[in-house]
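What follows is the residue order along each chain.
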Amino acid sequence: MKTLQDYIDKLNALNFKDMYNGDFFLTWEKTDEELEAVFTVADALRFMRENNISTKVFESGLGISLFRDNSTRTRFSFASACNLLGLEVQDLDEGKSQIAHGETVRETANMISFMADVIGIRDDMYIGKGNKYMHDVVDAVTEGNKAGILEQKPTLVNLQCDIDHPTQCMADMLHIIHEFGGVENLKGKKLAMTWAYSPSYGKPLSVPQGVIGLMTRFGMDVVLAHPEGYEVMPEVEEVAKKNAAASGGSYRRVNSMEEAFKDADIVYPKSWAPFAAMEKRTDLYGNGDFDGIKALEKELLAQNAQHKDWACTEELMKTTKDGKALYLHCLPADITGVSCETGEVDASVFDRYRDPLYKEASYKPYIIAAMIFLAKFQNPQEILKKLEERNTPRILK
C-alpha cells in the first residue's frame, strides 16, 4: 500500500527547483523531472483527499479564472483545484469588466491580482493570440510584483491556448501511467492520435498538439493521423520528433486512420480544424470580416463532410492490440446517433469506455492543483509532511 511518505521520497529524488514562483505554459518547456514532480504531487494530493486529510494550504487568497471559450471539465477542474488548496475562485467576465471600455492587459492583470495566488486562462480560439496573451499577463503581474504593487506574483496556469492544452494532456498521461502500471511500462507502446469526423467546425488544435508534444517523451511510438489538409503546427511536430529521438520512442504522421489504429495500445480519435484554416480565421476576425468568417465556416463544414469515414468504430477497435486499446477523449465527444447523426465515435465504443473516460477526466483537478502547489512552495515535500502531521480531516466524522 502506498503511503504519503512514498510520494515525498519520490519528490526528494527529483530536481524541480525552477518551478518555484514559475508558471505553466507548455509541457515541452518543462524538464522530465518537473513533469514527474507534477504527476507525483497530483497523486499525493489525491491520496490525501481519499484518506480524508485536508490539503488546505491557503487560509485566504483567490484563484482568478478567465475563459474565452466554453468549458465544463476544465472550468470545474480549476475551481476544484483551487478549493482543494484553500483558495476561492473568482471568474473574470470580460463583458462585465472595464476591458470592454479599453482597459489594457497590464492594468487588468494588476487590478485582479492584489490578493490572487493563481490565474488560470483558456484562450484557444485564435492562432498566434492565446499563448501570447498569457505571456502578456505574466509580464504585467511580474512588473507589478517587482514594483511593490502586488504582494505576490500570481502563478499562471495555461488552461488551454492555441498551442497546447497542458492540464488536459497531463491528466491524459497520468491516466495512461496508472492504466499501464507505471511509466516504465510505456516504452514501445503505440499511441494513435487521430483526426475524427465532427459535424462542427473550428475545434482547437491544442489537444492533438499537446498529445504529440507530451506523449513522445515517454518512449512510446506516437502516430499522428489525419486526412490531407488537416495538418497541425509544424513547429509542434518538430518538438514531437525531438522528444521521440531523446526518449527512444518514435513519431510519424500518416493519412490513414486504419494504419494508425492497427495494433495500437492507445487510441485518441478527436476532431480538429486545419492549421491553415485557423490562421485564416484569426486574420478574418482581426479584420472584422464576418462575411469571410461565414464563408470559411461553410467551406470547412463541407471539407469535414468529405471524411465521415474517419470514425472510431467497433471494426477499427478490433484492429488494435488484442482488440482492447485504451480509448481516450478530452470530452465532450461527438457520439454517432447520440449527440449527432454522424460523429467521432460509435455509441457502443463510447459506452464501453465511459467509466475509464470519466476516470481520465478526474485527474485534471489534481494536475492543476499540483501545478499551483509546485509554483507556490519552495519545498513541497516539507509542506506535504506538515499537512500529514497536522492531520486535519477534510470531513469531520
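Quick caveat, the model's predicted, so the values are computed rather than measured.

Please explain the overall build of the chain as it appears in this structure.
Summing up its helical and strand segments, the chain has 16 helices and eleven strands in all. What you see for the chain is a C-alpha radius of gyration of 21 Å, in line with the 21 Å of a compact globule of 397 residues. Here the C-alpha coordinates of the chain stretch approximately 55 × 55 × 40 Å along the principal axes. Here the chain holds 397 residues, and the buried ones make up 57% of them. When the accessible surface of the chain is split by element, carbon and sulfur atoms take 49% of a total near 17,400 Å².

Mind showing me how you'd approach the layout of surface pockets here?
By rolling a water-sized probe across the atoms, one finds the places where empty space is left. Here the largest pocket is characterised by a volume of approximately 500 Å³. Along the walls of the largest pocket sit 25 residues, with Asn70, Arg122, Pro204, Leu331 and Pro332 positioned nearest its centre. Taken together, the residues of the lining of the largest pocket sort by class into seven nonpolar, nine polar and nine charged.

Help me understand the environment of Glu50, please; the structure alone is not making it clear to me.
Along the chain, the position of Glu50 falls in helix α2 (residues 32-50). Through-space distance from the C-alpha of Glu50 to that of Ala264 is 33 Å; in sequence the pair is 214 residues apart.

So what exactly am I meant to see when it comes to the sheet that holds strand β7 (residues 250-254) here?
Each strand in a sheet pairs with its neighbour through backbone hydrogen bonds, running either in the same direction (parallel) or in the opposite one (antiparallel). Pairing is parallel across the open sheet formed by five strands, whose spatial order is β7-β6-β5-β8-β9. Looking at strand neighbours, the two that pair on one side only are β7 and β9 (326-327), the edges of this open sheet. Relative to β7, strand β6 (residues 221-225) is paired through five bridges, and the arrangement is parallel. Paired with Ala225 across the bridge in β7 is Val254.

Honestly, the UniProt feature "domain: Aspartate/ornithine carbamoyltransferase Asp/Orn-binding" (unreviewed entry) in the chain in this entry has me stumped. Any pointers?
The positions that UniProt labels "domain: Aspartate/ornithine carbamoyltransferase Asp/Orn-binding" (unreviewed entry) are, in the present scheme, residues 212-372. Annotation note: span residues 212-372, helix share 50%, strand share 12%, distance between end C-alpha atoms 24 Å.

What am I meant to see in the pattern of salt bridges here?
Pairing is possible between side chains of opposite charge, provided their charged atoms come close. On inspection of all chains with the given rule, the structure shows 19 salt bridges. Between Lys10 and Glu36 there is a salt bridge whose closest N-O contact spans 2.9 Å. Taken together, the residues Lys10 in helix α1 (residues 4-12) and Glu36 in helix α2 connect sequence positions 26 residues apart. Put simply, Glu314 and Arg352 hold a salt bridge, and the shortest N to O gap is 2.9 Å. Highlighted residues: Glu314 in helix α12 (residues 314-318) and Arg352 in helix α13 (residues 347-352), separated in sequence by 38 residues. The partly exposed category is assigned to Arg352, whose relative accessible area is 44%.

Calculation rules
Residues numbered from 1 in each chain as written. Predicted model: local features only at pLDDT ≥ 70, side-chain atom pairs only at ≥ 80, totals over all residues. Heavy atoms only, no water. Helix = DSSP H or I, 4+ residues; strand = E, 2+ residues; numbered from the N terminus. Rg over C-alpha atoms; globule rule 2.2 N^0.38 Å. Buried < 20%, exposed > 50% of the residue type's maximum accessible area, 1.4 Å probe, protein only. Areas by Shrake-Rupley, 256 points an atom, 1.4 Å probe, with all protein chains shown as cover. 1 Å grid on protein atoms, 1.4 Å probe; cavity = no way out; pocket = protein on both sides within 12 Å on 5 of 7 lines; lining within 4 Å. Points joined across faces, edges and corners; volume = space filled by probe spheres on them. Nonpolar A, V, L, I, M, F, W, Y, C, P; charged D, E, K, R; others polar. Pairing = 2+ DSSP bridges. UniProt positions renumbered as here; feature names shortened; annotations may be inferred. Salt bridge = Lys/Arg side-chain N within 4 Å of Asp/Glu carboxyl O.

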